[in-house]
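For reference, the chains in residue letters:
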Amino acid sequence: QVQLVESGGGLVQAGGSLRLSCAASGSIFKINVMGWYRQAPGKQRELVATITGGGRINYADSVKGRFTISRDNAKNTVYLQMNSLKPEDTAVYYCNLDAVPTARGVPWVYWGQGTQVTVSS
């Protein structure tokens, strides 16, 4: 039904930049929230940034001022521009979607497969 396709991960040196993309496809009646989470080795999954259907944005304190979340509503795509990357940003980054698939459906949470971001010192 609904699928999330992530791209943009890779290996960069500290101070570098990456831009992640996540495109949602399938039956989507209404998008409530799109965002990014990450999970580093030995750590639990944590929120990075989210953007609601109304455009309200939330960032984790650890990335505020360095990361920027944006979206293209026409393409159901969310982006994460990551600047001034640090080794502690190394993690698998997961795209997240909270959406209503049909007019009579209920909200459901969808996850991308994850994309690896590695920042070397």
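Cut-offs and rules
Each residue is numbered by its place in its chain's sequence as written, counting from 1. Only residues with pLDDT of 70 or above have their local features reported here, since the model is predicted, and side-chain atom pairs are shown and tallied only from 80 upward, although totals for entire chains, interfaces and linings are computed over all residues. Hydrogens and water molecules were not included; the side-chain quantities draw on all heavy atoms of the structure. At least two bridges found by DSSP between two strands are what make those strands a pair. To qualify as a helix, a DSSP run of H or I must reach at least 4 residues; to qualify as a strand, a run of E must reach at least 2; elements of each kind are numbered from the N terminus. Axis lines are fitted to C-alpha atoms, over the contacting stretch for helices. Their N-to-C directions set the angle, which ranges from 0 to 180 degrees. The set of buried Ala, Val, Leu, Ile, Met, Phe, Trp, Tyr and Cys residues whose side-chain atoms join them within 4.5 Å is what this entry labels a nonpolar core. Residue exposure (1.4 Å probe, protein chains only): buried if accessible area is under 20% of the type maximum, exposed if over 50%, otherwise partly exposed. Pairs of residues are marked as contacts when any of their non-hydrogen atoms sit within 4.5 Å. Nitrogen and oxygen atoms within 3.5 Å of one another constitute a polar contact, given that in protein one can donate a hydrogen and the other can accept it, and given that sequence-neighbouring residues count only through two side-chain atoms. Defined by distance alone, a disulfide is two cysteine sulfur atoms within 2.5 Å.

Chemist: I'd like a rundown of the sheet that holds strand 3 (residues 18-25), residues and numbers included.
Modeler: In space, the four strands of this open sheet follow the order 1-3-8-7, with antiparallel pairing throughout. At either end of the open sheet lies a strand with only one pairing partner, and these are strand 1 (3-7) and strand 7 (67-72). Each strand axis lies, on average, 15 degrees off the axis of its neighbour in the sheet, ignoring direction. Here strand 3 runs beside strand 8 (residues 77-82); their pairing, made up of six bridges, is antiparallel. By the bridge assignment for strand 8, Ser21 is matched with Tyr79.

Chemist: I'd like to hear about the nonpolar core, residue by residue, with values.
Modeler: Formed by 29 residues in total, the largest nonpolar core has its most connected members in Trp36, Leu80, Met82 and Tyr93. With five residues, strand 9 (residues 91-100) is the largest single contributor of residues to this core. Not counting residues within four places of it along the chain, the set of residues in contact with Tyr93 comprises Glu6, Leu20, Trp36, Tyr37, Arg38, Val48, Phe67, Leu80, Met82, Gly114, Thr115 and Val117.

Chemist: With reference to specific residues and values, describe the pairing of strand 4 (residues 30-39).
Modeler: Sheet analysis places strand 4 next to strand 9, joined by nine bridges and oriented antiparallel. Bridge pairing in strand 9 places Val33 opposite Asp98. Of the pairings in the sheet, the one linking strand 4 to strand 5 (residues 46-52) comprises six bridges and is antiparallel in character. Within strand 5, the position partnered with Tyr37 by the bridge is Leu47. Here strand 4 hands over to strand 5 after six residues, with Gly42 in that stretch at a positive phi of 75 degrees.

Chemist: Outline the side chain of Glu6, listing residues and values.
Modeler: Checked against the element boundaries, Glu6 lands in strand 1. At 2.7 Å, the side chain of Glu6 forms a polar contact with the backbone nitrogen of Cys95. Of the polar contacts made by the side chain of Glu6, one reaches the backbone nitrogen of Gly114; its length is 3.3 Å. Excluding residues that lie within four positions of it along the chain, Glu6 makes contacts with Ser21, Cys22, Trp36, Tyr93, Tyr94, Cys95, Gly112, Gln113, Gly114 and Thr115.

Chemist: Could you give an account of the state of the cysteines, naming the residues involved and the relevant values?
Modeler: Here, disulfide denotes a covalent bond that connects the sulfur atoms of two cysteines. As enumerated under the stated definition, the model contains one disulfide in all. Each sulfur in the disulfide pair Cys22 and Cys95 lies 2.0 Å from the other. Torsion about the S-S bond of the Cys22 and Cys95 cystine: about -85 degrees, corresponding to left-handed handedness. Of this pair, Cys22 sits in strand 3 while Cys95 is found in strand 9, placing the two residues 73 residues apart along the sequence. As far as the burial class goes, Cys22 and Cys95 line up, both buried.

Function cannot be inferred from these measures alone, as they are strictly geometric.
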